[in-house]
Every structure is written in C-alpha cells, then in structure tokens.
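Geometric and topological summary
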Amino acid sequence: MKAFRHSCGGFSNRTVVTRAPRRTCPHVRFIARATTGQKAASSERSKFTPMIRESLLGPGVWQQTLWKSFTLGGVGLHSGEVAYVRVMPAHAGEGRYFVRVPPGTNSHLYLRDDEMIEEQVYPPPEKIMDEQAEDERVEIFLEYLKHCEDEGFTGSFTEYAEMVGREDEVPFSDKGAEEVKTRSEDEGYLIAHIDNTSEMEHRHCTTLGEGESQVMSVEHLLSALEACGVDNARLEIEGGVEVPTIDGSAYGWCQEIYSAGIASATCFIQGKEVKVRRAALKLTEPFSIHDGERSITLVPAECMKVSYGVDSMTPVIGKQWHTWCLQDGRDAFPSTVASAKSFVPSLEDYYCMREEGFVKGATEGVMLVGNEEDWYQEDLIQFENEPARHKIVDLVGDLSLLSLGGMSGLPYGHIIAYNADHEMHLEFVKALKEKAGEHYYEGYRSDPYAPTKETNNE
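It should be emphasised that the depicted structure is a prediction, and the values quoted were computed from it without experimental measurement.

A few words on the pairing of strand 2 (residues 70-75). In this structure, strand 2 lies alongside strand 3 (residues 82-89), joined through 6 bridges in antiparallel fashion. Paired with Gly74 across the strands is Ala83, a residue of strand 3. Once strand 2 ends, the chain turns through 6 residues before running back antiparallel as strand 3, passing Gly80 with a positive phi of about 75 degrees.

Dropping the structure here:
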C-alpha cells in the first residue's frame, strides 16, 4: 500500500456546460409518477433524469431512515454476478449495515419494468400534488427545520405539521411507516464503516468485509444513502458478492429512496422511544494527504462541500472540475451528481481491467468509454464534465464510511480532491478518523449559518 504525505493544497474551478440528454437505460427502472409537477432544481440538471422532490431529500437535524423498504436487483459491474439488495428501515444509532441473506429471501420482491403495478408507487396518486401545492410542502418542511433550531422542537415532521394544523401537507407521514426489524447480534451483520474495509485492492471499487461476508462496489449505494439523508438502513444482500451496478450511476438508488420516503429514525432508551440528534465531524484546521500530484484536502467550512478535479491524457476528458455542496438547494445531488455514470478513459484501459479480472458485468449503457476526442456511446453523455461529477459520487460514498451509529459520514468543510481513486479516498477517511479524536462532532444544521444549540464530543 502506498504511503501518503500529509500537507495542505488548493484548487481551481471552471464553468461547465450541460450536454445532450441520454437515452433510457434498460438496467434501471424509473417511476414516472414521481416526476409529476416538479421544478428543475438546477440549470445543470440532466434533461433525461426524471425530476424528483430533491428539496425533501437530504439529511435532517435528527437521524433519519426509510419510510418503507425497496428492492433492486441486477448484475455486479466487476463480478458479473447477479445480486439483489433490499434496503430497509433501521433504528436510530444502528447506522447502515449489510446482512447476507439466503437465496430466495428477497429476489421475488424485485419487480422489473413490465411487472410494475400502481399500488407500489409512493406517494399514491391522490397524494401527488401540483406545483403550487408542492411549494407549500417545501415551505412547511423548512419551517419545521427552523422551529427545531430556534425553539428546540424535538418532535417529528408529522408532529409539527399536526401542531400547526397543516398535517395534510407533509410529504411522508411517520404514521404507517414500515415496522423496523431490530438488528440481531447473532445474524453476522457488517457495518458500513472504514474499519470494515477489505484488505483487497480498492482501485476500481470499494469493498467491505472478507470471505463470505464480503460485499463489493458499495460506493454508489452508500453515496445515495448519505446524500439523501438515510442515516440508518439495513441492507440485505442476496446472491452475488457485489452490489448491482444498475445503470453505472447512483441515480437509481436515489430514485428508489425518494419513492420509499424518509422517516424519523428512533430507538428505545429505558422503554421510551426517542430520536437521536445527527452530528458531523468538524475540523478546525486544514488537513491533506498527497501522493505525487494526486491529493485530497479538507478546508474547514460551515457547510459540506466537495470539489473534484480530473486530469486525463484522453482528450475527451482532459482537465475538468465540478463542485457540489450538500446545503446548496441549487445543487440537488440526484440530478446534478448522482446521475453521472462510471467511466474509463479508453478502450485499452477497459481491456486492461478485464485482464485484471474486473468489469466482467459491464453491459451496454453502464459505463462511459473514452475514444480520443469522443465517447464510444456519445448519446449516454449528460454533462461535459461527467467524469468529475461521477468522482464526487465515489468520494461521497467512501466518505460515508466515516459514519458510525447513524452520524454523518460527510464532515463539515470543503473537500478538494484531485486525480484520486478509491484507494486514496479510503486512506483519507482513515486519516480523518484518526484526526477525529483531536476535534469534535457538531450537531448537524440544515441551515449551515444558523447557530447550533448543542455539540457532541463523543
């Protein structure tokens, strides 16, 4: 393993232009109902990507989980094996964890496009509202967050809406949410944490665990969960060793998270059901790791921002940057970042990966392949700087491994990465974990400029 040098560094950025839309990929199913009556959250939104209520997807002041479970299945990009993943609600404090389940446990729950039925779409048709009503929903949600901060309100979104007489406007009610399956110490679960990364090489994907408990390519799923605010989740995997690649991006996972809904995560302390405040690591000084020209730097800031630079000899990639900020409503993760696909600079690089035993499941439409001045499948491209955007997806997924007990994986600060890979991402996360003992965790704030009322030094 390479040794990384610690120091400080900087970056530069440039304006990017959205490219032509891509065609529908058969490897991921999108629920058309979820696109009704939505506004574009960013001028850089993919024209292909169905619009979802991104303003209601994201971390909250309190730990969150899913309103109900969902299942996705498909082929692993590198293993070529078919697997099914069921993403389920979990209690506050449990965090995100994988459980290997026997064949037949969840595979029958995965529905392909031709098997979709109306009853499985959430919210149901009568709950889908026009644009004006949707704006009112967002308004009440922001009022709820402000009330939590300013007045110390500790109830759920539903409880707040009922208190102010606007319960019909909440996007997802905690009432009627799926019952959470309590984690058992006897079932051999694998917590999605940096301490549980595999000893295998991580150049092309991030792998957790060893032997029968090993799970490959966790980064896209974890990236979607982290950015969309699912702090606690039970992840049951059946079949192959690898999380399905879907369409080579994290958007399919984001879409399913939206369709399932977000709910407050609770746990029981001395017989009383309580919520747990979310917290995030906050460093007070810059921190970097370097390997030659490659680097990852964290600069202290009052928000959670990631900038990524890619410098490739392949002309169609060249030098490019992209910046995404969790707290910036114009920078919605599902459409401006998550939808960016995996890529490889050239066909030669692709064949080298094949010879090394990777990309065994790379089917048409799941990976961008560079061809000097162009891409081999030009109609798949959504953004001029799609590689840089996809690297943010990978980095957010790897940073999620800093999370433990349902706390934030993304730390406060501006993280700037240049030409790094999964191996370097994980070294950075390990270094941050070591630094955490010298700093503190601060209560998460949806508004980064609002004063916090409590900190957590645990």
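Any pair of aromatic rings gets described here by the distance separating the centres and the angle formed by the planes. For the coordinates displayed, the defined rule picks out 7 aromatic pairs. Sitting over the face of the ring of Tyr189, Arg183 holds its NZ or CZ atom 4.2 Å from the ring centroid. One cation-aromatic arrangement involves Arg389 over Phe383; the distance from NZ or CZ to the ring centre is 3.9 Å.

Counting 80 residues, the largest nonpolar core has Val87, Phe98, Trp253, Ile257 and Trp324 as the members making the most contacts within it. Per element, the largest residue contribution to this core is 7 residues, and it comes from helix 8 (residues 422-436). Sequence-distant contacts of Ile257, that is, excluding residues within four places in its chain, are made with Leu57, Leu66, Phe70, Ala224, Leu225, Cys228, Val230 and Ile262.

Note on sheets: strands pair through backbone hydrogen bonds, and any given pair is parallel or antiparallel. Pairing is mixed in the open sheet, where 5 strands are placed in the order 2-3-6-4-5. Only two strands of the sheet have a single partner each, and these edge strands are strand 2 and strand 5 (190-191). Summarising the sheet, strand 4 (residues 96-100) and strand 5 pair through 2 bridges and their orientation is antiparallel. The partner of Tyr97 across the bridge, within strand 5, is Ile191. Helix 3 (residues 219-228) rests against strand 3, strand 4 and strand 6 (233-239) of the sheet, and its axis sits at about 145 degrees to strand 4. Sheet contacts for helix 4 (residues 251-260): strand 2 and strand 3; angle to strand 2, the most-contacted strand, approximately 160 degrees.

A separate point is unusual backbone geometry. Not every positive phi belongs to a glycine, and Gln270 is a case in point at roughly 55 degrees. The topology assignment puts Gln270 in the loop between strand 8 (266-269) and strand 9 (272-275). Gln270 gets classed as exposed once you look at its relative accessible area, which sits at 84%. Even without being glycine, Val359 reaches a positive phi, approximately 45 degrees. Since its relative accessible area comes to 0%, Val359 is described here as buried.

For the rest of this paragraph, the subject is the environment of Arg100. Relative to the helices and strands, Arg100 resides in strand 4. Arg100 sits 114 residues away from Gln214 along the chain, and the two C-alpha atoms are 9.0 Å apart. Contacts of Arg100, omitting those with residues within four sequence positions, involve Glu212, Gln214, Ile237, Glu238, Gly239, Gly240 and Val241. Polar side-chain contacts of Arg100 include one of 3.0 Å to the backbone oxygen of Gly239.

Our next topic: the confidence of the model for the protein. This prediction gives the protein a mean pLDDT of 78; 74% of its residues lie at or above 70. Between residues 1-55, whose pLDDT stays under 50, and residues either more than four places distant or in other chains, the model counts 168 contacts. A low-confidence stretch, residues 113-129 stays under pLDDT 50, and its non-local contacts, those more than four residues away or across chains, total 30 contacts.

A word on helix 4. Summarising burial for helix 4: 10 of the 10 residues are buried, a large majority. For helix 4, every residue scored as buried is listed here: Tyr251, Gly252, Trp253, Cys254, Gln255, Glu256, Ile257, Tyr258, Ser259 and Ala260.

Within the open sheet, the 5 strands sit side by side as 11-12-18-13-14. Their pairing is mixed. At either margin of the open sheet sits one strand with a lone partner, and together these are strand 11 (287-291) and strand 14 (319-325). Averaged over all neighbouring strand pairs, the angle between strand axes comes to 5 degrees, with direction disregarded. Two strands pair when backbone bridges link them, and strand 13 (residues 304-311) and strand 14 are joined in this way by 7 bridges, in the antiparallel orientation. When the bridges of strand 14 are listed, Val310 appears paired with Gln320. Of the strands in this sheet, strand 11, strand 12 (294-299), strand 13 and strand 18 (413-418) are in contact with helix 8, which crosses strand 11 at around 145 degrees.

The contact between helix 3 and helix 4 brings their axes to 8 Å, and the two run at 45 degrees. Looking at the two axes, helix 3 sits oblique to helix 4. Between helix 3 and helix 4 lies a crossing of right-handed hand. In contact with His220, Leu221, Ala224, Leu225 and Cys228 of helix 3, helix 4 contributes Trp253, Cys254 and Ile257.

This next bit is on a negative patch on the surface. On the surface, Glu348, Asp349, Glu372, Glu373 and Asp374 cluster together into a negatively charged patch. Mapping Asp374 onto the fold places it in strand 17 (residues 374-375). A residue is classified by how much of its surface remains accessible, and Asp374, at 43% relative accessible area, is partly exposed.

Conventions we followed
Residues numbered from 1 in each chain as written. Predicted model: local features only at pLDDT ≥ 70, side-chain atom pairs only at ≥ 80, totals over all residues. Heavy atoms only, no water. Pairing = 2+ DSSP bridges. Helix = DSSP H or I, 4+ residues; strand = E, 2+ residues; numbered from the N terminus. Phe/Tyr/Trp six-rings, centres within 6.5 Å; stacked < 30°, edge-to-face > 60°. Lys NZ or Arg CZ within 6 Å of the ring centre and 35° of its normal. Core = buried A, V, L, I, M, F, W, Y, C linked by side-chain atoms within 4.5 Å. Buried < 20%, exposed > 50% of the residue type's maximum accessible area, 1.4 Å probe, protein only. Contact = heavy atoms within 4.5 Å. Axes fitted to C-alpha atoms, helices over the stretch in contact; angles between N-to-C directions. Polar contact = N/O pair within 3.5 Å; in protein donor to acceptor, adjacent residues only side chain to side chain. pLDDT = per-residue confidence, 0-100. Parallel < 35°, antiparallel > 145°, perpendicular 65-115°, else oblique. Left-handed = near helix turned anticlockwise from the far one by under 90°. Patch = residues over 30% accessible without salt bridge, like charges linked within 9 Å, V, L, I, M, F, W, Y side chains within 5 Å. Areas by Shrake-Rupley, 256 points an atom, 1.4 Å probe, with all protein chains shown as cover. Salt bridge = Lys/Arg side-chain N within 4 Å of Asp/Glu carboxyl O. Lys, Arg positive; Asp, Glu negative; His and termini not counted. Charge placed at Lys NZ, Arg CZ, Asp CG, Glu CD.

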